[in-house]
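Chain residues, written in single-letter form:
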Amino acid sequence: MRSKVTYAISGIFAAILILILFNSCNERIDAGYEGILVKLYGSDKGVQDVSLVTGRVWYNPFTEDVYEFPTYVQTINYSAFTVNAKDGSVFTVDPTLSFKVKDGFSPVIFKKYRKDIAEITETTLFNYIKDAFRIEFNKYTTDSIISNREKFENSIQKNMGKLLNTEGFSLEQMTSGIQYPEAITKAINAKNAAVQQAMRVENELKIAQAEARKLIVLAESEAKANELRKMSLNPLLIQQQFIEKWDGKTPIYGNAPAFFKSVQ
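These numbers were taken from a predicted model, which means no experiment stands behind them. (Residues numbered from 1 in each chain as written. Predicted model: local features only at pLDDT ≥ 70, side-chain atom pairs only at ≥ 80, totals over all residues. Heavy atoms only, no water.)

**Re the packing of aromatic side chains**
This is how it is decided: Each pair of aromatic rings taken from Phe, Tyr and Trp, with Trp reduced to its six-membered ring, is defined by centres within 6.5 Å and is described as stacked if the planes are under 30 degrees apart, edge-to-face if over 60, and tilted in the remaining cases. Only DSSP runs of H or I covering at least 4 residues are called helices, and only runs of E covering at least 2 are called strands; the numbering of each starts at the N terminus. Summary of the burial criterion: residues with accessible area below 20% of their type's maximum are buried, those above 50% are exposed, and those between are partly exposed, where the area comes from a 1.4 Å probe applied to protein chains only. Counted as over-ring charges are cases with an Arg CZ or a Lys NZ within 6 Å of the ring centre that also lie within 35 degrees of the ring normal.
According to the stated counting rule, one finds twelve aromatic pairs in the structure shown. With a centroid separation of 5.9 Å and 70° between ring planes, the pair formed by Phe81 and Phe126 is classed as edge-to-face. Of the two residues, Phe81 sits in strand E7 (residues 81-84) while Phe126 sits in helix H3 (residues 117-137), which places them 45 residues apart along the sequence. Per residue, the accessibility class of Phe81 equals that of Phe126, and both read buried. Summarising the aromatic geometry, the rings of Phe99 and Phe169 are spaced 5.7 Å apart at their centres and angled 75° between planes, so their arrangement reads as edge-to-face. In this pair, Phe99 sits in strand E9 (residues 96-101) while Phe169 sits in strand E10 (residues 169-175), placing the two residues 70 residues apart along the sequence. As far as burial versus exposure is concerned, Phe99 and Phe169 are alike and both buried. Taken together through their ring pairs, the aromatic side chains of Tyr78, Phe81, Phe91, Phe126, Phe133, Phe137, Tyr140, Phe152 and Tyr180 make up a single cluster. The ring of Phe105 carries the charged tip of Lys102 above its face, separated from the ring centre by 4.4 Å.

**Considerations on the packing of H3 against helix H5 (residues 149-166)**
Put simply, the rule is: Angles shown run from 0 to 180 degrees and are taken between the N-to-C directions of axes, each axis being a line fitted to C-alpha atoms and, for helices, limited to the stretch in contact. If an angle is under 35 degrees, it is roughly parallel; if it is over 145, roughly antiparallel; if it lies from 65 to 115, roughly perpendicular; otherwise it is oblique. What makes a crossing left-handed is the near helix being turned counterclockwise from the far one by less than a right angle; a clockwise turn instead makes it right-handed. Residue contacts are counted whenever heavy atoms from the two residues lie within 4.5 Å of one another.
As a packed pair, H3 and H5 sit with axes 10 Å apart at the nearest point and diverge in direction by 140°. On the basis of their axis angle, the class for H3 and H5 is oblique. For the crossing formed where H3 meets H5, the hand is right-handed. On H5, the residues touching Leu125, Tyr128, Ile129, Ala132, Phe133, Glu136 and Phe137 of H3 are Phe152, Ser155, Ile156, Asn159, Met160, Leu163 and Leu164.

**Description of the environment of Phe91**
You can see Phe91 is positioned in strand E8 (residues 90-93). For Phe91, a relative accessible area of 0% translates into the label buried. For the pair Phe91 and Glu182, spaced 91 residues apart in sequence, the C-alpha to C-alpha distance is 9.2 Å. Setting aside anything within four residues of it in sequence, one finds Phe91 in contact with Phe81, Thr82, Val83, Ala85, Phe137, Thr142, Ile145, Ile178, Gln179, Tyr180 and Pro181.

**Some words on H5**
The condition that has to hold: Multiplying 1.5 Å by the helix residue count minus one yields the expected span of that helix. Note that the arc is defined by the directions from the helix axis to the C-beta atoms.
Under the 1.5 Å per step criterion, the end-to-end length of H5 is 26 Å for 18 residues, consistent within 8% with the ideal 26 Å. Of all the positions in H5, only Phe152, Ile156, Met160, Gly161 and Leu164 are classed as buried. An end-on view of H5 places all buried positions within 165° of arc, on one side of the element. Of the residues in H5, the exposed ones pointing more than 90 degrees away from the buried face are Glu150, Lys151, Lys158 and Thr166. Remark: Gly168 follows H5 within two positions and exhibits a positive phi of approximately 100°.

**Quick look at the sheet that holds E10**
Filter applied, for reference: In short, DSSP must find at least two bridges between two strands for them to pair.
Here we have three strands laid out as an open sheet, ordered E6-E9-E10, and antiparallel in their pairing. Edge positions in the open sheet fall to strand E6 (74-77) and E10, since each of these has one partner strand only. On average, each strand axis in the sheet is tilted by 25° relative to the strand beside it, whichever way the strands run. Sitting on the sheet, H5 touches E9 and E10, and the angle it makes with E10 is about 160°.

**So, the pairing of E8**
Residues Phe91 and Val93 point to one face of E8 and are all buried, whereas Val90 and Thr92, pointing to the other face, are not buried. Looking at chain direction, E7 and E8 are connected through four bridges and run antiparallel. Bridge pairing in E8 places Thr82 opposite Thr92. The turn joining E7 and E8, which pair antiparallel and follow one another in sequence, is formed by five residues; a positive phi near 95° is taken by Gly88.

**Details of unusual backbone geometry**
Of note, Arg114 is a non-glycine position whose phi angle comes to about 55°, a positive value. You can see Arg114 is positioned in the loop between helix H2 (106-113) and H3. Exposure remark for Arg114: the relative accessible area of 44% places this residue in the partly exposed category.

Structure representation (structure tokens):
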């Protein structure tokens, strides 16, 4: 009787052990990820040549392990760091990187770095970014960086894209977040203020000139009108205007108005 109970208990434990092993021998690779099978022991220790597709993957948990590499676009906002220009000016770079693992390159990446994607992103890719900016900044002086900002940024992004491509990554976008040295920022602000002041003075001068021209035109018009009125005031016209305005009454004092001057 005891033996039967013992066999039953052993069978239950065996079933539980088998169930645990069964569940630990497979891994589901979700959509948007690539699974890679890593051999932990043996002379062929490393990554198999074939990338595992999405779905459920079976493996030996004692001698193998499965890693997941995301294949969707990831955006990383890195910590800011400083870098020197060719003339010694110190710039601050606050980069943001958007990238993805190239399809089918997960085994190659893991075989080279032996790290998961999070660690590679935080260390290796960050170092690549720092080197890319240092190399490019050493080619430019402060003035040339300011004058050729677009060319400077495009050059960094192009070089970074080539580097990531050789490492199995695809660069989607990179922004530098460059911050100029404080002295340069003050100089730029002062220059902008001077330009704005000059534009304001120029606008005020244009307004004053316009007002002056307006007054000149009005004065010329008034003078011309007076000249025309003066030319038109002949004796006959004056007499006619007098007649039109006279009420026909004789003045109370003074001489009576003469309608017409004697021509004798």
